[in-house]
Amino acid sequence: MPKIFISVDALEEKTASGVAAVSGEIVTFVELDKTAYLSPAVYFSRVAGGDPDVLRLVGRVKSEVELRALGADHQANSVIIGETAYDVVEGFVGKVLS
């Protein structure tokens, strides 16, 4: 099944405009007649401070479970793994159900 990432801001915008409806951990994209199961995740946008991306995470999405497995410290819009700090976008990874 395909997976999607949607930021918190984008999801709020889509629900406010009626494009999407959220019920618990399920989001329905009304016009597309598609539903997805949501779980918290982050999108790695850049390495803070311009350091090199030794873990090659920029451009990737990681769920909370995956962050814990990496030993990550996630606070708001940042994630620290080892000595590397990342700027992240908070959101959800969705597994398309129908």
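Now for a look at the structure at hand. (Residues numbered from 1 in each chain as written. Predicted model: local features only at pLDDT ≥ 70, side-chain atom pairs only at ≥ 80, totals over all residues. Heavy atoms only, no water.)

### Notes on the environment of arginine 60
Part 1: Tracing the sequence through the fold places arginine 60 in the loop between strand S4 (34–47) and strand S5 (61–63).
Part 2: You can call arginine 60 partly exposed: its relative accessible area is 47%.
Part 3: Residues arginine 60 and valine 88, spaced 28 residues apart in sequence, show a C-alpha to C-alpha distance of 9.8 Å.
Part 4: Not counting residues up to four positions away in its chain, the partners in contact with arginine 60 are Val42, Tyr43 and Phe44. (Helix = DSSP H or I, 4+ residues; strand = E, 2+ residues; numbered from the N terminus. Buried < 20%, exposed > 50% of the residue type's maximum accessible area, 1.4 Å probe, protein only. Contact = heavy atoms within 4.5 Å.)

### Quick word on the packing of aromatic side chains
Part 1: Evaluated as defined, the whole model comprises two aromatic pairs.
Part 2: Centre to centre, the rings of phenylalanine 5 and tyrosine 43 are 6.1 Å apart; their planes meet at 40°, and the pair counts as tilted. Of this pair, phenylalanine 5 sits in strand S1 (residues 3–7) while tyrosine 43 sits in strand S4, and the two are 38 residues apart along the sequence.
Part 3: For tyrosine 43, a relative accessible area of 31% corresponds to the partly exposed category. (Phe/Tyr/Trp six-rings, centres within 6.5 Å; stacked < 30°, edge-to-face > 60°.)

All we've got here are geometric facts, nothing functional implied.
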